[in-house]
Amino acid sequence: MKKPKTRYVCRNCGYTTSKWMGQCPDCQEWNSLLEEQVDVRRPSGNFKKAESFTLDQISNIEYERSPVGVEEFDRVLGGGLVPGEIVLLSGEPGIGKSTLLLQIASSFSAAGHKVIYISAEESLGQQRMRAQRLGIRSNEHLVFVSETNLQSIIGYLHEQAADLVILDSVQAVYDPALTSSPGTVSQVRETAYRLTEFGKRKQAAVILVGHVTKQGISAGPKTLEHMVDCVLSFEGDRHHQFRMIRPVKNRFGSTQEIGLFEMKEGGLDQISDPSGYLLSERPEDASGSVISVINEGTRAILVEIQALVIPTKYGIPKRLSIGYDLQRVFMLISVLEKQGGFLLSNEDIFINVIGGIKVRETSLDLAISAAMISSFRNKRLNPGAVVLGEVGLTGEVRSIIRMEQRLIQAEKLGFSKFFIPGANVDSLKGKRNVIKIKRVKDLIEGI
Ligand code: TYD
Ligand code: MG
């Protein structure tokens with residue numbers, strides 16, 4: 001028998017090398033190369049030759065989707081699960097992955113689909129307790145398996161006909177044939193590979209749970225992204241109730257849609273009116289509060305932005321941003337200083353997008369600038385106003401996509417005054433109270 005070889009695998013990006021290095025040459029992370037033993041496998045020699053086809057020779061397939069019954073989850077999938085689809089659900093520990101999946105397992109099985117929930121982290125008793133808390137009752141189509149040995153799991157699965165297999169989590173399972181411990185890159189990869197193979201062969205959908213840490217680094221999930229069909233990131237602040245599912249990759253649907261939930265005593269509730277939810281506690285008479293609209297897939301969602309600008313008491317001014325890129329906030333501050341003559345270098349500045357929502361588009365630039373101006377001047381903005389637009393380095397305000405849709409949504413919630421980029425105004429259809437903002441200066445004078 002051949003002796004196992006030693007190799008080093010980066011726990012961050014999966015880079016593999018035969019010699020140890022202090023820094024990963026691929027992702028530049030320090031001290032991330034972990035030693036692993038690899039068993040050398042011999043190819044069997046019986047290969048089937050590959051074949052090629054023209055587009056016409058390939059039959060036209062329509063994906064047959066089965067909705068899981070949790071609408072916000074179906075939305076991010078693209079309408080439901082496709083047989084044989086492999087989904088990776090990643091998120092920080094404690095964010096609510098097991099809760100969500102148990103709710104999905106319950107609703108999917110209630111519709112007559114066979115669901116196998118493999119609980120590798122928690123005992124069956126813990127699953128039962130969670131089910132009680134969520135008000136989920138036993139049904140013949142939903143079974144639980146408590147197992148961490150990959151071979152036992154695969155052995156069991158191959159004797160079953162399942163529509164959905166949930167593995168919670170991919171980091172807790174180990175293959176005894178490998179010498180490395182659970183959670184290492186090779187174990188996580190092997191587990192994902194074997195479940196993928198099972199899912200594709202038996203046409204069962206598989207949801208793999210993967211933990212990631214705050215920095216998005218973990219041994220595993222990142223290195224699995226290319227293997228699976230769909231990667232869903234479950235985000236939110238553990239101390240906040242708001243949760244969001246964002247597709248990072250989706251071979252069977254769009255990556256634009258997001259799913260919104262609220263973590264409650266009795267489990268995750270879907271948020272069907274996100275704007276109403278996010279604006280529910282808005283102070284209408286306070287300075288520093290501004291409303292804007294973000295665009296998420298087919299939905300436009302109203303968000304409240306708050307800024308607090310106060311003189312610095314000790315030393316270096318503090319700058320903090322929750323929910324918006326801090327580097328962008330730095331840029332917006334500089335633009336306000338240069339274009340508006342504001343002296344902000346002796347002010348602490350705090351920005352918060354209310355609700356724990358993390359915004360990745362740049363369309364909030366102008367609203368954040370407006371919130372800072374409002375707080376700095378201690379003057380509230382018209383409570384019926386909405387501010388939209390991207391800000392450039394020279395202080396120009398740039399147009400943003402889907403303006404009409406955003407304004408329609410804002411109007412539905414009673415907003416009637418719109419500060420929007422000049423370039424967006426001409427393409428608007430309806431007649432509205434619109435204030436054209438071409439430069440940040442116009443905003444400073446206009447609000
Ligand atoms: P969990 O689903 O176990 O998180 P993960 O699988 O991502 O690690 O849930 C984590 C938290 O959710 C837990 O601290 C308690 C809270 N929770 C609720 O608030 N309501 C509930 O109904 C349940 C089941 C959990
Ligand atoms: Mg869990």
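Residues numbered from 1 in each chain as written. Chains lettered and ligands numbered in written order. Predicted model: local features only at pLDDT ≥ 70, side-chain atom pairs only at ≥ 80, totals over all residues. Heavy atoms only, no water.

### Overview of the side chain of glutamate 235
The test is simple: Under the scheme used here, helices are H or I runs from DSSP no shorter than 4 residues and strands are E runs no shorter than 2 residues, and both carry numbers assigned from the N terminus. Contacts are assigned to residue pairs that have any heavy atoms within 4.5 Å of one another.
Locating glutamate 235 in the fold gives a position in strand S9 (residues 230-236). Setting aside residues up to four positions removed in sequence, glutamate 235 forms contacts with Ile95, Phe242, Arg243, Met244, Arg246 and Arg360.

### Description of the domain arrangement of the protein
For the record, the criterion: Bear in mind that the domain bounds are from an automatic or database domain assignment.
Domain boundaries assigned for the protein yield domain 1 (6-37), domain 2 (66-272) and domain 3 (276-446). Of note, the centres of domain 1 and domain 3, computed from C-alpha atoms alone, are 43 Å apart.

### A short note on unusual backbone geometry
To keep things clear, this is the line we draw: Whether a residue is buried, partly exposed or exposed follows from its accessible area with a 1.4 Å probe, protein chains only, as a fraction of its type maximum: under 20%, in between, or over 50%, in that order.
Backbone torsion omega between aspartate 168 and serine 169 reads 5°, so that peptide bond is classified as cis. One can find serine 169 in the loop between strand S7 (164-168) and helix H5 (185-202). Positive phi values are uncommon outside glycine, yet glutamine 203 reaches one of about 55°. Here glutamine 203 shows up in the loop between H5 and strand S8 (205-211). Here glutamine 203 falls in the partly exposed class, since its relative accessible area comes to 45%. A positive phi is found at arginine 402, a non-glycine position, where the angle reads about 50°. Locating arginine 402 in the fold gives a position in the loop between strand S19 (397-398) and helix H10 (403-412). For arginine 402, a relative accessible area of 44% translates into the label partly exposed.

### Section: the pattern of salt bridges
The condition that has to hold: A carboxyl oxygen of Asp or Glu within 4 Å of a side-chain nitrogen of Lys or Arg is what we treat as a salt bridge.
Going through the model one piece at a time under the given rule, you end up with 19 salt bridges. Ionic pairing is found between aspartate 269 and lysine 264, a salt bridge with its closest N-O pair at 3.0 Å.

### Side note on the sheet that holds S8
Going by this rule: Two strands are counted as paired when DSSP detects at least two bridges linking them. Here, axes are lines fitted to C-alpha atoms. For helices the fit covers the stretch in contact, and angles between N-to-C directions go from 0 to 180 degrees.
Strand order across the open sheet formed by nine strands is S6-S5-S7-S8-S4-S9-S10-S11-S12, with mixed pairing between neighbours. What marks the edges here is a single partner per strand, and that holds for strand S6 (142-145) and strand S12 (267-270). On average, each strand axis in the sheet is inclined to that of its neighbour by 25°, with strand direction left out of account. Of the strand pairs in this sheet, S7 and S8 are connected by four bridges, and their pairing is parallel. Each bridged residue has a counterpart across the sheet, and for leucine 164 the counterpart in S8 is alanine 205.

### A look at the site of ligand 1
Convention followed: By convention in this text, a residue qualifies as near a molecule or strand provided that one of its non-hydrogen atoms is within 4 Å of it. N or O atoms closer than or at 3.5 Å make up a polar contact, with two conditions inside protein: a donor-capable atom paired with an acceptor-capable one, and, for residues adjacent in sequence, both atoms drawn from side chains. Only the protein chains shown count as cover for residues, and all accessible areas are computed by the Shrake-Rupley method using a 1.4 Å probe. In this analysis, the protein atoms alone were mapped onto a 1 Å grid. Cavities are point sets where a 1.4 Å probe fits without being able to get out; pockets are open sets with protein on both sides within 12 Å along at least five of seven lines; lining residues have an atom within 4 Å of a point. To decide whether a molecule occupies a pocket or cavity, check its atoms: if more than half lie within 2 Å of the grid points, it is inside. All residues other than Ala, Val, Leu, Ile, Met, Phe, Trp, Tyr, Cys, Pro, Asp, Glu, Lys and Arg, Gly among them, are scored as polar; the first ten of these are nonpolar and the last four charged.
Around ligand 1 lies a shell of 16 residues, among which Gly94, Ser98, Thr99, Arg130 and Lys264 are the nearest. In this structure, glycine 96 approaches ligand 1 through a main-chain N or O atom, which is 3.0 Å from an oxygen atom. Within the contact set of ligand 1, a nitrogen atom lies 2.8 Å away from a backbone nitrogen or oxygen of lysine 264. Burial of ligand 1 by the protein amounts to 76% of the accessible area it has alone, namely 560 Å². Taking a 2 Å distance to the grid points as the criterion, the majority of the atoms of ligand 1 fall inside the second largest pocket. Its residues assigned to classes, the shell around ligand 1 comprises four nonpolar, six polar and six charged.

### A short note on empty space enclosed by the protein
What counts, and what does not: Grid points are joined across faces, edges and corners, and a volume is the space filled by probe spheres set on the points.
In this structure the tally under the stated criterion is two cavities of 30 Å³ or more. Empty space within the largest cavity amounts to approximately 60 Å³. Of the volumes computed, that of the second largest cavity is approximately 50 Å³. Ile373, Ser374, Arg377, Lys379, Arg380, Leu381 and Ile447 are the residues that line the second largest cavity. The residue makeup of the lining of the second largest cavity, split by class, is three nonpolar, one polar and three charged.

### Brief notes about the packing of aromatic side chains
So the rule is basically this: Whether two aromatic rings pair depends on their centres lying within 6.5 Å, for rings of Phe, Tyr and Trp, where Trp uses its six-membered ring; planes under 30 degrees apart make the pair stacked, over 60 edge-to-face, and the rest tilted.
For the structure on display, the rule yields three aromatic pairs. Relative to phenylalanine 144, the ring of tyrosine 117 has its centre 5.6 Å away and its plane inclined at 35°; by these criteria the two rings are tilted. Here tyrosine 117 is found in strand S5 (residues 115-119), whereas its partner phenylalanine 144 is found in strand S6, with 27 residues between them in sequence.

### Some points on the side chain of glutamate 404
Here glutamate 404 shows up in helix H10. Within the structure, the side chain of glutamate 404 is placed 2.9 Å from the backbone nitrogen of lysine 429, a separation counted as a polar contact. With residues near it in sequence (within four places) discarded, glutamate 404 still touches Ser427, Leu428, Lys429, Gly430 and Arg432.

### Examining H5
Our working rule: An expected span of 1.5 Å times one less than the residue number is assigned to each helix.
Here H5 spans 26 Å end to end across 18 residues, near enough to the 26 Å set by a 1.5 Å rise per residue. Those residues of H5 that sit buried are Val185, Ser186, Gln187, Val188, Glu190, Thr191, Ala192, Leu195, Thr196, Phe198 and Gly199. Note on H5: the residue one or two positions beyond its end, glutamine 203, has a positive phi of about 55°.

### Focus on the nonpolar core
Under the convention used in this document: Within this scheme, the nonpolar core is defined by two criteria: the residues are buried Ala, Val, Leu, Ile, Met, Phe, Trp, Tyr or Cys, and they are joined through side-chain atoms within 4.5 Å.
Judged by nonpolar contacts, the single largest core of 46 residues is most densely connected at Ile357, Leu364, Met372, Val387 and Leu443. Those elements giving two or more residues to this core turn out to be strand S10 (242-250), strand S13 (289-296), strand S14 (299-311), helix H8 (326-340), strand S16 (347-353), helix H9 (365-377), strand S17 (385-387) and helix H12 (440-446). In terms of residue count, H9 provides more of this core than any other element does, seven residues in total. Here this core spans two domains, and each of domain 2 (66-272) and domain 3 (276-446) adds at least three residues to it. Not counting the four nearest positions on each side in its chain, leucine 364 is found in contact with Ser292, Ile294, Val303, Ile305, Tyr324, Val353, Val359 and Gly389. Grouped together as the second largest cluster of nonpolar side chains are 32 residues, Leu102, Ala105, Ala131 and Ile136 included.

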